[in-house]
Amino acid sequence: MHTPLCELFGIDHPIFGFSPSPPVVAAISNAGGMGVLGVAAMTPEGVDEALSWIEDQVGERPYGVDVIMPALTAETAAVDTEQLAAELRARIPNENREFVDDLMDRFALEPIPDDNMTPGGMLTHLAARSQLDTVLQHSPAFLVNALGTLPADIIETCRQRGIRTGSLAGKAKHAVAHRDAGIDVVISTSYEAAGHTGDIAGMVLHAEIANAVAPLPVLASGAMATGRQAAAAIALGAQGVWAGSAWLTSDEWIGRPPPTAMFPGWTDAKQAYLDATSSDTVRTRWATGKPARLLRTPWSDAWEASDSPGYLPMPLQGALVTEAQRRMGHWNRSDIGFMPAGQVIGMLNEIKPAGRIIAEMVREYDEVVASLANTTTGPR
Ligand SMILES: Cc1cc2nc3c(=O)[nH]c(=O)nc-3n(C[C@H](O)[C@H](O)[C@H](O)COP(=O)(O)O)c2cc1C
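Thresholds applied
- Every chain's residues receive numbers from 1 upward, in the order its sequence appears when written.
- Since the coordinates come from a predicted model, pLDDT governs what is reported: local features require at least 70, and pairs of side-chain atoms require 80 or more to be given and counted, while whole-chain, interface and lining totals use all residues.
- To get the side-chain values, all heavy atoms of the structure are used, and hydrogens and water are removed first.
- Strands here are runs of E lasting at least two residues and helices are runs of H or I lasting at least four, both read from the DSSP assignment and numbered beginning at the N terminus.
- Just to be clear, the radius of gyration here is over C-alpha atoms, and the globule rule we use is 2.2 Å times residues to the power 0.38.
- Partly exposed describes any residue whose relative accessible area lies between the buried limit of under 20% and the exposed limit of over 50%, with all areas from a 1.4 Å probe on protein chains only and scaled to the type maximum.
- Contacts are residue-level and defined by heavy atoms, with any inter-residue pair within 4.5 Å sufficient.
- Note that accessible areas follow from Shrake-Rupley with a 1.4 Å probe, and for residues the cover is restricted to the protein chains shown.
- Charge convention: Lys and Arg are scored as positive, Asp and Glu as negative, and His as well as the terminal groups of each chain are ignored.
- Charge positions are represented by NZ for Lys, CZ for Arg, CG for Asp and CD for Glu.
- Two strands qualify as a pair provided that DSSP identifies no fewer than 2 bridges between them.
- Interaxial angle, 0 to 180 degrees, is taken between N-to-C directions of lines fitted to C-alpha atoms, where a helix line uses only the stretch in contact.
- Here a patch means residues that are over 30% exposed by relative accessible area and free of salt bridges, tied together within 9 Å if like-charged and within 5 Å if nonpolar (Val, Leu, Ile, Met, Phe, Trp, Tyr).
- Salt bridge, as used here: a side-chain nitrogen of Lys or Arg that lies within 4 Å of a carboxyl oxygen of Asp or Glu.
- To form a nonpolar core, buried Ala, Val, Leu, Ile, Met, Phe, Trp, Tyr and Cys residues must be joined to one another through side-chain atoms within 4.5 Å.
- The crossover handedness rule: strands pointing away from the viewer, path from first strand over the helix to second strand clockwise, crossover right-handed.
- In summary, the pairing rule links any two rings of Phe, Tyr or Trp, Trp by its six-membered ring, whose centres are within 6.5 Å, and it sorts them by plane angle into stacked for under 30 degrees, edge-to-face for over 60 and tilted for everything else.

Looking at an unreviewed UniProt entry, one finds the protein chain named Nitronate monooxygenase, with Antrihabitans stalactiti as its source organism.

Draft legend 1. Looking closely at the overall build of the protein chain. On a plain count of helices and strands, the protein chain comes out with 14 helices and eleven strands. Relative to the 2.2 N^0.38 estimate, which gives 21 Å for 380 residues, the radius of gyration of the protein chain is 20 Å and therefore close to what a compact globule would have. For the protein chain, the C-alpha atoms occupy an extent of roughly 70 × 45 × 40 Å along the three principal directions. Looking at the protein chain as a whole, 55% of its 380 residues qualify as buried. Here the contacts in the protein chain between residues at least 6 apart in sequence split such that 67% fall between residues at least 24 apart. Counting only carbon and sulfur atoms, one obtains 51% of the accessible surface of the protein chain, whose full area is about 16,000 Å². Charge centroids of the protein chain, computed over 27 positive and 44 negative side chains, lie 6 Å from each other.

Draft legend 2. Just the sheet that holds strand β6 (residues 185–189), in detail. In space, the eight strands of this closed barrel follow the order β1-β2-β3-β4-β5-β6-β8-β9, with parallel pairing throughout. Averaged over all adjacent pairs, the angle separating strand axes in this sheet is 25°, with direction ignored. With four bridges joining them, strand β4 (residues 142–145) and strand β5 (residues 164–169) adopt parallel strand pairing. Note on β5: the bridge partner recorded for L143 is T165.

Draft legend 3. Local environment of a positive patch on the surface. Together, K171, K173, R283, R285 and K290 give the surface a local cluster of positive charge. Here K171 shows up in the loop between β5 and α8 (172–181).

Draft legend 4. Quick look at the environment of P113. Structurally, P113 is set in the loop between α5 (94–106) and α6 (125–135). Looking at P113, the relative accessible area reads 48%, which means it is partly exposed. Once the C-alpha coordinates of P113 and H330 are considered, the two residues, 217 residues apart in sequence, prove to be 9.7 Å apart. Residues in contact with P113, not counting those within four places in the same chain, are H330 and W331.

Draft legend 5. The nonpolar core, seen in detail. Ranked by size, the top nonpolar core spans 35 residues in total, and within it M1, I15, V241, W247, Y273, L295 and I345 carry the most contacts. Going through the elements one at a time, α2 (22–30), α10 (227–235), β9 (240–243) and α14 (354–372) are the ones with two or more residues in this core. Considering every element that reaches this core, the biggest residue donor is α14, with seven residues. Not counting chain neighbours up to four residues away, the residues in contact with M1 comprise D12, H13, P14, I15, A230, V241, V362, Y365 and D366. Within the second largest apolar cluster, 25 residues are counted, among which are L51, M69, V135 and L143.

Draft legend 6. Up close: the pairing of β9. Residues G240 and W242 point to one face of β9 and V241 and A243 to the other, with burial holding for every one of them. Note that strand β1 (residues 15–19) and β9 share three bridges and pair parallel. Note on β9: the bridge partner recorded for I15 is V241. With three bridges connecting them, strand β8 (residues 218–221) and β9 associate as parallel partners. Across the sheet, the residue bridging to L219 is G240, located in β9. For the crossover that starts at β8, traverses α10 and ends in the parallel β9, the hand is right-handed.

Draft legend 7. Quick peek at the sheet that holds strand β11 (residues 292–295). Strand order in this open sheet of three strands is β7-β11-β10, and the pairing throughout is antiparallel. A single partner strand is all that each edge strand has here, and the edge strands are β7 (195–196) and β10 (281–284). Sheet topology places β7 next to β11; two bridges connect them, and they run antiparallel. Bridge pairing links H196 to A292 in β11.

Draft legend 8. Region of the structure containing the packing of aromatic side chains. This structure, assessed with the given rule, holds nine aromatic pairs. An angle of 80° between the planes, with centres 5.3 Å apart, marks the rings of F9 and F16 as edge-to-face. Residue F9 is classed as buried on the basis of its relative accessible area of 8%. The interplanar angle of 75° and the centroid separation of 5.0 Å between the aromatic rings of F99 and W303 together place this pair among those described as edge-to-face. Separated by 204 residues along the polypeptide, F99 in helix α5 and W303 in the loop between α12 (298–302) and α13 (316–330) bring together distant segments of the chain. Neither residue differs from the other here; F99 and W303 are each classed as buried. Among the aromatic residues, those joined into a ring-pair cluster are F107, W286, W299 and F338.

The structure is reproduced here in structure tokens:
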């Protein structure tokens, strides 16, 4: 499994692995792929700690960083991050606050004792900028924005420093906007994917985006967990894959790390991930205000019930549920927690090292592509 993206990034295989877990990122890069660390939920100190650790682990091998940076809007400009956080919290209607307080009671989500952590993960432009300031003190090879095109000044800084840029796209018109802004790689993110997703299936989206932005390289994202799926992505016009769910059942996935700045606290969901079928995810707005695919739980169902006030827009919804989400992580509530997962989770039924996941993907890819040679029309 080898495409021109391997030369562009100096990697052995065009397998890009997204994870918020630093050990997964290091393992992917060390196995010849490109590990990309999601820093959206981290404080700047956590980003620094995580990137220093990854750099120690991977040496000269490249790694990437993914931020969630929404566009700067008039209402989120010209105030500092703490002031903005306070202003946003003040704008949350009482009805929504009461609903979440009631849910926390209903699901027995007790306060965290002796809680002295500063929560990260405020999904605003300015919060992502402060994470990026820290990222740029390190040496990533790839910088990706989950939500829209990176701002022009950041694209320019990256270009000067030899950092390639990428952006996720759930529609062909978004991919074209990324290309026109000077982004190096588009990540075509389909309906099946974990986390924030659009509503177009991969079989349509990857081909549509590859056609729309050619010859710009495209990574197919959404259900990329096996060599067979990677072969389909390359056939659709992608030059590589971007996988997120594949690592949730890896040895290195840290479900429930110690609560340091580096790890803001996730629910230990490995067993829930192993047990889930491909029908057990839902696209829901409860965590951030934008549709994101997570494991379906009684908590996500409660947001769809008739007494729910519905969802606030990003970033208000995220601010509304931050405390609940932190409690879910602290109390390790995999019965209701925040557990991003794509539909491919139903195919992930065994815990393996990330390096083995990559080796198996590459082997299966080569076998599948070789077997396809027998399916062409014409002289054999
Ligand atoms: C635990 C987890 C957290 C995620 N958080 C982010 C994120 O912060 N930023 C982002 O760009 N994508 C995030 N994603 C989505 C991935 O980047 C990717 O688009 C998706 O996982 C691809 O689909 P797949 O899960 O079927 O492989 C997350 C995915 C997972 C599994």
